[in-house]
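Report on the structure
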Amino acid sequence: MTILWLLLFYISPALSDNSYDAFLNCLSLYSPNSTVSDILYSQSSVNYTDLLNSTIQNLRFTSQNTTKPILILTPTNQEQIQASVSCCKNYSLSIRVRSGGHDYEGLSYRSVNSSQFVLLDLTNLRSIHINSHRGTAWVQSGATIGELYYKISMKNNTLAFPAGTCPTVCAGGQFSGGGIGTLTRKYGLSADNILDAKIIDSNGKILDRAAMGEDLFWAIRGGGGGSFGIVLSWKLRLVQVPEIVSIFIINRTLDQGAIGLIYKWQYVAFEMEPDMFLEADIQPNINGTEPGAVFQSLYLGRCTDMLTYMQVHFPELGVWTSDCREMSWIQSAVYFARFGDADPKILLDRGLQFKSYNKGTSDYVIDPIPFPAWEGIFDWFRSNHSGLMYMISHGGVMSQIPESYIPYPHRGRVLYNIQYLVGSKDASDIEAPLGWLQGLRTSMTYLVSTNPRRAYVNFRDLDLGRNDVGRNISYENARAWGEMYFKDNFKRLALVKGEVDPENFFWHEQSIPPLIVEGKNY
């Protein structure tokens, strides 16, 4: 190792026009058992652009003005990742880690400023090992949620995992930030059900839960990606679902009382039994001309029981036998992914994700929004530039888990999460929807949570604030956006960061800043 460091001393003062060759030499020294030329791409490589754009879901960040990585690595094993970390440190390069490319702000593959960085793309790390007898699974960070769902169902149709509804999102990003989905009220977040993990830290060491310690293990389950290390894989606790579940999707126009139904939904969805998930969305042009509401439900049981429950607890919605469908849990995952009655194998297709020029942000609601305010909210959706508003109910087990259990703090009295989303097929048409989104969110200021106004880190939004340029960032400045995502847990995250990555090697515009104090007190 001494000889290796002496060699690197002479080849690694800085990267220049020969960056590819110099970095390749470094990788070869650290990873002598691999053909590293097969995993390294420079901006002049033939496949560079196709590889970079392959999983970018937000086309706003494919423009020529976007700061792109000087190198892309597509490792196939952990030794190559360790070598990548070591070589980036040798050359004082930042490293960004991408698993599925769904980051709303693209921070896993772009830099907002002009700083040089290397992109580590985990697309080749996608293995999934299911132990149905123990009810556990090991999942690499580059595996998609759809692949996980499908492979679980092939082993046992009464096992599942609580995660999101978009099948092309990868485990690395979703689990790092929490993971909300149709089973959240019954079993909690994805991150609530992680038993172990393997991570490569800023020193290039591979650590499992025992080796990393409970503080770091706490931080990586919901503290957001790209701050503490590179998570290679996750050990999951699988959950029980019945052989048959029930779903319904109901549209309601303004003439059918959509506003009153949304108003009532706030009160009943939070209080429903954990087996019932009921989402409410506001969409424009639901009947071709006016906005309306969409209600989507998953019930862990038969239609007869679900219909009886709805007739008692939310009769105003008017759910009838003809609205309800019974199916397996894996088929419900297909349905919520908007693939209808397709074969579950469709969840394995990574190319089905619709790409657009888009922007998202979020809120949390603690006190029900008054009826007159809902009338004003619906008026926003009469605009030709309006987007969508998705509302995911909490309650159930989410109200029972302490705010400090993992970094995700939005528990207790939180009624629901709001996701606002706008998009366009054409880059020239996105500016007006962006203005609409900003206006709607501003109008919601006094209707949602305050002190702080909460947000969900998996719906990342740089308009909430960002770190200073470079690695010498301020904890106090970062509190402005950090406490929106994590509330009081933000300080503990910063203290953990100060322990495991004091030099702030893993950095991006909304990464956790290191807080270093004498005698940590979590």
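What counts as what
Residues numbered from 1 in each chain as written. Predicted model: local features only at pLDDT ≥ 70, side-chain atom pairs only at ≥ 80, totals over all residues. Heavy atoms only, no water. Helix = DSSP H or I, 4+ residues; strand = E, 2+ residues; numbered from the N terminus. Rg over C-alpha atoms; globule rule 2.2 N^0.38 Å. Buried < 20%, exposed > 50% of the residue type's maximum accessible area, 1.4 Å probe, protein only. Contact = heavy atoms within 4.5 Å. Areas by Shrake-Rupley, 256 points an atom, 1.4 Å probe, with all protein chains shown as cover. Lys, Arg positive; Asp, Glu negative; His and termini not counted. Charge placed at Lys NZ, Arg CZ, Asp CG, Glu CD. 1 Å grid on protein atoms, 1.4 Å probe; cavity = no way out; pocket = protein on both sides within 12 Å on 5 of 7 lines; lining within 4 Å. Points joined across faces, edges and corners; volume = space filled by probe spheres on them. Nonpolar A, V, L, I, M, F, W, Y, C, P; charged D, E, K, R; others polar. Pairing = 2+ DSSP bridges. Axes fitted to C-alpha atoms, helices over the stretch in contact; angles between N-to-C directions. Expected span 1.5 Å × (residues − 1). Polar contact = N/O pair within 3.5 Å; in protein donor to acceptor, adjacent residues only side chain to side chain. Bend = angle between axes of the 7 residues up to and from the residue. Core = buried A, V, L, I, M, F, W, Y, C linked by side-chain atoms within 4.5 Å. Disulfide = S-S within 2.5 Å. Phe/Tyr/Trp six-rings, centres within 6.5 Å; stacked < 30°, edge-to-face > 60°. Lys NZ or Arg CZ within 6 Å of the ring centre and 35° of its normal.

1. Some thoughts on the overall build of the protein
Within the protein, the secondary structure is distributed over 16 helices and 18 strands. Here the protein has a C-alpha radius of gyration of 23 Å; the compact-globule value for 522 residues is 24 Å, and the two agree. Over its C-alpha atoms, taken along the principal directions, the protein stretches across nearly 75 × 50 × 50 Å. In the protein, which comprises 522 residues, the proportion classed as buried is 59%. Of the contacts made within the protein by residues no fewer than 6 positions apart, 73% connect residues no fewer than 24 positions apart. For the protein, the accessible surface area stands at approximately 21100 Å², while carbon and sulfur atoms represent 48% of it. Charge-centre separation for the protein: the mean point of 43 positive side chains lies 3 Å from the mean point of 49 negative side chains.

2. Looking at empty space enclosed by the protein
In this approach, a probe sized like a water molecule rolls over the atoms, and the result shows the empty space that is left. One pass over the structure, following the stated rule, counts 2 cavities of 30 Å³ or more. One number sums up the size of the largest cavity: a volume of about 100 Å³. Along the wall of the largest cavity there are 13 residues; nearest its centre are Tyr-149, Gly-164, Thr-165, Thr-182 and Ala-333. The element contributing the most residues to the lining of the largest cavity is helix α12 (residues 329-336), with 4 residues. A breakdown of the residues in the lining of the largest cavity according to their chemical character gives 9 nonpolar, 4 polar and no charged.

3. Focus: the sheet that holds strand β1 (residues 40-42)
Taken in spatial order, the 4 strands of this open sheet run β1-β2-β4-β3, and their pairing is mixed. Of all the strands in the sheet, just β1 and β3 (94-98) have a single pairing partner and so form its edges. Direction aside, neighbouring strands of the sheet carry axes that sit 20° apart on average. Where β3 lies against strand β4 (residues 117-121), 5 bridges are found, and the strand directions are parallel. Among the inter-strand pairings, Arg-98 is bridged to a residue of β4, identified as Asp-121.

4. Here we look at helix α15 (residues 475-486)
For α15, which comprises 12 residues, the first-to-last C-alpha distance of 14 Å sits more than 12% below the rise-based estimate of 16 Å (1.5 Å per residue). Summarising the contacts, the buried residues of α15 are in contact with α14 (431-443) and α16 (489-500). Near the N-terminus of α15, the side chain that reaches the backbone nitrogen of Glu-476, with its oxygen 3.3 Å away, is that of Ser-474. Taken from the residues just after α15, Lys-487 is the one with a positive phi, measuring 50°.

5. Considerations on the layout of surface pockets
In this structure, the second largest pocket spans a volume of roughly 350 Å³. Together, 20 residues line the second largest pocket, and Glu-105, Lys-359, Leu-434, Asp-461 and Asp-463 are the ones closest to its centre. Secondary structure elements with two or more residues in the lining of the second largest pocket: β16 (357-365) and α14. Counting residues per element, the lining of the second largest pocket draws most heavily on α14, at 6 residues.

6. Details of the sheet that holds strand β5 (residues 128-131)
Spatial strand order, β5-β6-β10-β8-β9: 5 strands in an open sheet with antiparallel pairing. Both outer strands of the open sheet, β5 and β9 (206-207), are each paired with one neighbouring strand and no more. As paired strands, strand β8 (residues 194-200) and β9 are joined by 2 bridges and run antiparallel to one another. Bridge pairing in β9 places Ile-200 opposite Ile-206. The sheet strands contacting helix α5 (residues 145-155) are β5, β6 (136-140) and β10 (230-237), and the helix crosses β5 at an angle near 35°.

7. Some points on helix α10 (residues 258-271)
For α10, built from 14 residues, the straight-helix expectation of 20 Å at 1.5 Å per residue is met to within 8% by its first-to-last C-alpha distance of 20 Å. Approximately 40° is the largest bend angle found in α10, and it occurs at Trp-265. Along α10, the residues classified as buried are Ala-258, Ile-259, Leu-261, Ile-262, Trp-265, Gln-266, Val-268, Ala-269 and Phe-270.

8. Let's talk about the nonpolar core
A general feature of soluble globular proteins is that nonpolar side chains tend to end up buried together. Leu-148, Phe-175, Ile-220, Leu-236, Leu-298 and Trp-329 are the most contacted members of the largest nonpolar core, which totals 75 residues. It is α15 that provides the largest number of residues to this core, a total of 6 residues. Those residues in contact with Ile-220, other than ones at most four positions away along the chain, are Phe-175, Ser-176, Ala-197, Ile-199, Met-212, Phe-228, Val-231 and Trp-234. Counting 50 residues, the second largest nonpolar core, distinct from the first, contains Ile-250, Trp-265, Ile-369 and Trp-436.

9. Observations regarding the state of the cysteines
One pass over the structure, following the stated rule, counts 2 disulfides. At a sulfur-sulfur separation of 2.1 Å, the disulfide partner of Cys-26 is Cys-87. The S-S bond linking Cys-26 to Cys-87 shows a torsion near -100°; that makes this disulfide left-handed. Taken together, the positions of Cys-26 in helix α2 (residues 19-30) and Cys-87 in helix α4 (residues 78-90) put the pair 61 residues apart, joining distant regions of the chain. Disulfides within the protein link the bonded cysteines, taken in sequence order, as 1-2, 3-4. Cys-88 forms no disulfide, and the closest cysteine sulfur to it belongs to Cys-87, at a distance of 7.3 Å.

10. Here's the deal with the packing of aromatic side chains
Inspection of every chain in the model, using the stated rule, returns 19 aromatic pairs. Between Tyr-408 and Tyr-456 the ring centres are 5.7 Å apart and the planes differ by 85°, which places this aromatic pair in the edge-to-face class. A residue pair is termed long-range when its members are at least 10 positions apart, and Tyr-408 in the loop between β17 (388-393) and β18 (416-424) and Tyr-456 in the loop between α14 and α15 qualify at 48 residues. Owing to a relative accessible area of 3%, Tyr-456 belongs among the buried residues under this scheme. Here the aromatic rings of Phe-505 and Phe-506 are separated by 4.9 Å at their centres, their planes lie at 70°, and the arrangement is edge-to-face. Among the aromatic residues, those joined into a ring-pair cluster are Tyr-104, Tyr-364, Tyr-408, Tyr-456 and Phe-459. Positioned above the aromatic ring of Phe-505, the side-chain terminus of Lys-89 is 5.8 Å from the ring centre. The ring centre of Phe-61 lies 3.8 Å from the NZ or CZ of Arg-110, which sits over that ring.

11. Examining the side chain of Lys-487
Relative to the helices and strands, Lys-487 resides in the loop between α15 and α16. For Lys-487, the side chain forms a polar contact with the side chain of Glu-403, separated by 3.3 Å.

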